[in-house]
Structure formats: C-alpha cells, structure tokens
Amino acid sequence: MGCETRGGRLSALGGVIFQSLPEGEEGPVDSSPIGETTHQHRDGDRKEVALAGGGRGIMVGGKIRGKTREKAGDRSTHETDRRCRRGTQNRLNRVQKEKVRQFCGILGTEYVTDAKRRVGGIHARRGIRTQGRWMRAREKLALEALRCADWNVESAIEMFYSGDIPSLRPVVDLKALEAMYKKYKDKHQDLIMAEGVGQFCEDLGVDPSDIVMLVLSYHLNAQTMCEYTHDEFMNGLAKLGLDSIRKIKDKLPRMRAELEDPNSFREIYAYAFLFSREKGQKSVMLDVAIEMWHLLFPDGQWPLLDDWCEYLRTHHNKAVSRDTWVQLLEFVKLGDDLSSYDPSGAWPFLIDEFVEYKQGGGSVP
C-alpha cells in the first residue's frame, strides 16, 4: 500500500511510513522512517517516527513501543471534541439551543476570563491550546445552569452569580464542618440551640444581637431565631465555602457590606420577618418586630422609627402581619416628609392610620 509523492513513493509497512526514491534515480534507497528523532535507550536506539495512521510513534529496537501526538493527532482530537459538542447540541431543540446562546452571550467573556485564570496556567505549561476548552466549558456551564433553572435564562444567570450551580460550588472539608456542628449541637437534640448559638457567636467574636448574624442566618436559610438545624448549618456553610471559624470571621465584613446594597437589603429585610416568627405562627410578635426594626434601621436611618414603634404599642399592641412588614420598607423611603404620601395607594390599614395620626398633629410625648 502506498502513494506517489514529488519526493518519491511513500509505503506503509508495519504501521511505519518509509520513503523510497523515484524509479530511474541513482543512489541508495532511503528507508528511514519520516521525521525520525533518535535517542539512546537501554534496549537500543529510541526513535520518534511518523505513523501511517496519523500521529507519531516511538520505535525502540525496531519495534513500535508507544504513540505520541503530533499536530495531525491534535486536529483529530479537536475534531472528536467538536463532534461530541455537536452531538450534545443536536439533542437540544431549537428553543433550548437559543437559550444556550443567550446564556453564553449574557455571560460574555467573564467566565472565559475566570477560566483562564483558573486553568489557563496549567494547560499553557503543558503546551495545550485552551481556547476551545474555555468555550466548551462555557457551553457546558450554560447547559448545567439552564437545566437546574428549568430552562429559564434569567434564573440560570442568577444561579450562576449566586454560585448555586453544583459545579461552581466551592470545595469544603465536610469532616471539619461536621466537627464544628457537633461542637455547638445541643446535647439532647440534633439542633444548635440558643446556648450553642451563643458559643458560636463568642468564637466568632460578635454579639448575638449583631445584625451580621442575621445576614449569616439568611445565607444559612435558618427558619427559626436562635436555632440552626443540621442541614441549615452544613449546607449553608458548604455553599459559602466556609469550613472553619477563621474563614467565617474573614467573611463577616463582606456580609455586613451586603446591607449597603439595596437589593440585598430588601431580601434580608423580607427574610427577617420569616426568621422572627415563632414556630407555627403567621405573624411576628410586636416586641420582637420592634427590636428587629431597630436592628435594621439603626442610628436614625428612619427618623419616624420611634414614633412608629410608640404608636404601635399605644394604638395597636398586636402582632405584626407580613403585609405590614413588607410594605413598611416602601413607607420608610418617604423619610419624615409625609406630604408625598398617597392615601389611595395600596398601603396596609395600619400604615394609613399612622399617617393620619401624624398629619393630625399626633406625636410621641
């Protein structure tokens, strides 16, 4: 088996390509493998030779002992990767393919840049082209995120930035997390209760009433005040990538800074209502709600806070509903100037009454 070339005839023998001179030319026939490189080996000369099927091989003592890659082999590998990728795309319908493109377009070069930082150095040292790997990684991430988000692009992007995609979750020492949980766990119940939470705060160097503990509880998705279940503690800290007291302490300043972001504050404020309820209750006890409002609006951030709390004690003296809690955040944005208050708006009855009280000259003595 062979083919004619301008430099002679190529023949395949035993998987190795040899070259012979054209007929009519004088001189010895060169039967050396093409492109050979010779090295000393204990079994004889070690030669790197071109193979008929593509790629390169290692010849030791006249026998092929192994294979290496050359550009043709790399191209073959890339072609296989492209076919696999194309096969994945072919299993998607038209709408799903479009959503993958939307996700990648919204993500832009951000993930690619992050990928270069994380894996580019390793592959560069190996001399491997990584651009295709970054693009494939982005498509793979898009598929994973979209499937987790039931093919909703906005939800998938939100999951990406929140780190809620399994492949993006940080690696933590689960044994260390388990040991930390057992340290604070109640002796009689599989819960971290008030005493354990107090010890946890002491180890973190924060007061239990510090608002940063509310932010931490929000990230753990704790459902009850002064209490963490095993799943809340383990899953919440694992999602944050925190498996030691030192790491949690280092994270606290960033958690505190979340209160300065309006969107994050809105979510934490809404969570505070659920966190403050007693088990089985739909509303928050008035005294608890007042303490939580002072925690969320400290240092005179809302000038009418004291008037509001005193009005509730005097004229309401009942638990606070979720509707009142949520709408109060919008009401707080008016500050102490109630002239822009629209009584025809969808305000809770309690807020309407407070505004009438204030506009009628009512004040806290």
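Above this note sits the structure.
Residues numbered from 1 in each chain as written. Predicted model: local features only at pLDDT ≥ 70, side-chain atom pairs only at ≥ 80, totals over all residues. Heavy atoms only, no water.

### Some thoughts on the overall build of the protein
No. 1: In terms of regular secondary structure, the protein is built from 15 helices and nine strands.
No. 2: Burial analysis of the protein (365 residues in total) assigns 35% to the buried set.
No. 3: Sequence separation of 24 or more characterises 51% of the internal contacts of the protein that already satisfy a separation of 6 or more.
No. 4: Accessible surface, the protein: about 22,300 Å² in total, of which carbon and sulfur atoms supply 49%. (Helix = DSSP H or I, 4+ residues; strand = E, 2+ residues; numbered from the N terminus. Buried < 20%, exposed > 50% of the residue type's maximum accessible area, 1.4 Å probe, protein only. Contact = heavy atoms within 4.5 Å. Areas by Shrake-Rupley, 256 points an atom, 1.4 Å probe, with all protein chains shown as cover.)

### A short note on the pattern of salt bridges
No. 1: What the rule picks out here adds up to 10 salt bridges.
No. 2: As a salt-bridge pair, Arg313 and Glu310 come within 3.9 Å of each other at their nearest N and O atoms. Separated by three residues within a single helix, Arg313 and Glu310 lie in helix α13 (residues 305-316), roughly one turn from each other.
No. 3: Look at Arg313 and you get partly exposed, because its relative accessible area is 40%.
No. 4: Within this structure, Arg266, Glu330 and Lys333 form a network of salt bridges that share partners. (Salt bridge = Lys/Arg side-chain N within 4 Å of Asp/Glu carboxyl O.)

### Some details on the environment of Asn317
No. 1: For Asn317, the position within the fold is in the loop between α13 and α14 (322-332).
No. 2: For the pair Asn317 and Asp287, spaced 30 residues apart in sequence, the C-alpha to C-alpha distance is 9.1 Å.
No. 3: Apart from residues lying up to four places away in sequence, Asn317 is in contact with Leu286 and Leu312.

### Some remarks on the environment of Pro343
No. 1: Structurally, the position occupied by Pro343 is in the loop between α14 and α15 (349-359).
No. 2: Between the C-alpha atom of Pro343 and that of Glu356, which follows or precedes it by 13 residues, the distance is 9.3 Å.

### Observations concerning unusual backbone geometry
No. 1: Within the chain, Asn221 stands out as a residue other than glycine whose phi angle is a positive 55°.
No. 2: With respect to the helices and strands, the residue Asn221 is situated in the loop between α8 (211-220) and β9 (228-229).
No. 3: For Asn221, a relative accessible area of 46% translates into the label partly exposed.
No. 4: A positive phi angle is found at Asp299, which is not glycine, with a value near 55°.
No. 5: With respect to the helices and strands, Asp299 occurs in the loop between α12 (286-296) and α13.

### Some remarks on the packing of aromatic side chains
No. 1: Counted according to the given criterion, the structure contains 24 aromatic pairs.
No. 2: Look at Tyr269 and Phe297: their rings are 6.0 Å apart centre to centre, the planes differ by 45°, and that puts the pair in the tilted class. In this pair, Tyr269 is assigned in helix α11 (residues 262-276) and Phe297 in the loop between α12 and α13, connecting sequence segments 28 residues apart. In this structure, Tyr269 and Phe297 share a single accessibility class: buried. (Phe/Tyr/Trp six-rings, centres within 6.5 Å; stacked < 30°, edge-to-face > 60°.)

### So, the environment of Ser264
No. 1: Within the fold, Ser264 resides in helix α11.
No. 2: Distance from Ser264 to Val215, taken between C-alpha atoms, is 9.7 Å for residues 49 residues apart in sequence.

### Examining helix α10 (residues 245-257)
No. 1: For α10, built from 13 residues, the straight-helix expectation of 18 Å at 1.5 Å per residue is met to within 8% by its first-to-last C-alpha distance of 19 Å.
No. 2: At Lys251, α10 shows its maximal kink, close to 35°; a proline, Pro253, follows between one and four residues later.
No. 3: Along α10, the residues classified as buried are Ile245, Ile248, Leu252 and Met255.
No. 4: Buried positions along α10 lie against α6 (174-184), α7 (194-204), α8 and α9 (230-240). (Expected span 1.5 Å × (residues − 1). Bend = angle between axes of the 7 residues up to and from the residue.)

### Section: the packing of α13 against α15
No. 1: Where α13 meets α15, the axes come as close as 11 Å, and the angle between the chain directions of the two elements is 105°. Here α15 runs roughly perpendicular to α13, going by the angle between their axes. Taken together, the residues of α15 that come into contact with α13 (itself represented by Asp307, Trp308, Tyr311, Leu312, His315 and His316) are Leu350, Ile351, Glu353, Phe354, Tyr357 and Lys358.
No. 2: In the contact of α13 with α15, the residues fall into seven nonpolar, two polar and three charged. (Axes fitted to C-alpha atoms, helices over the stretch in contact; angles between N-to-C directions. Parallel < 35°, antiparallel > 145°, perpendicular 65-115°, else oblique. Nonpolar A, V, L, I, M, F, W, Y, C, P; charged D, E, K, R; others polar.)

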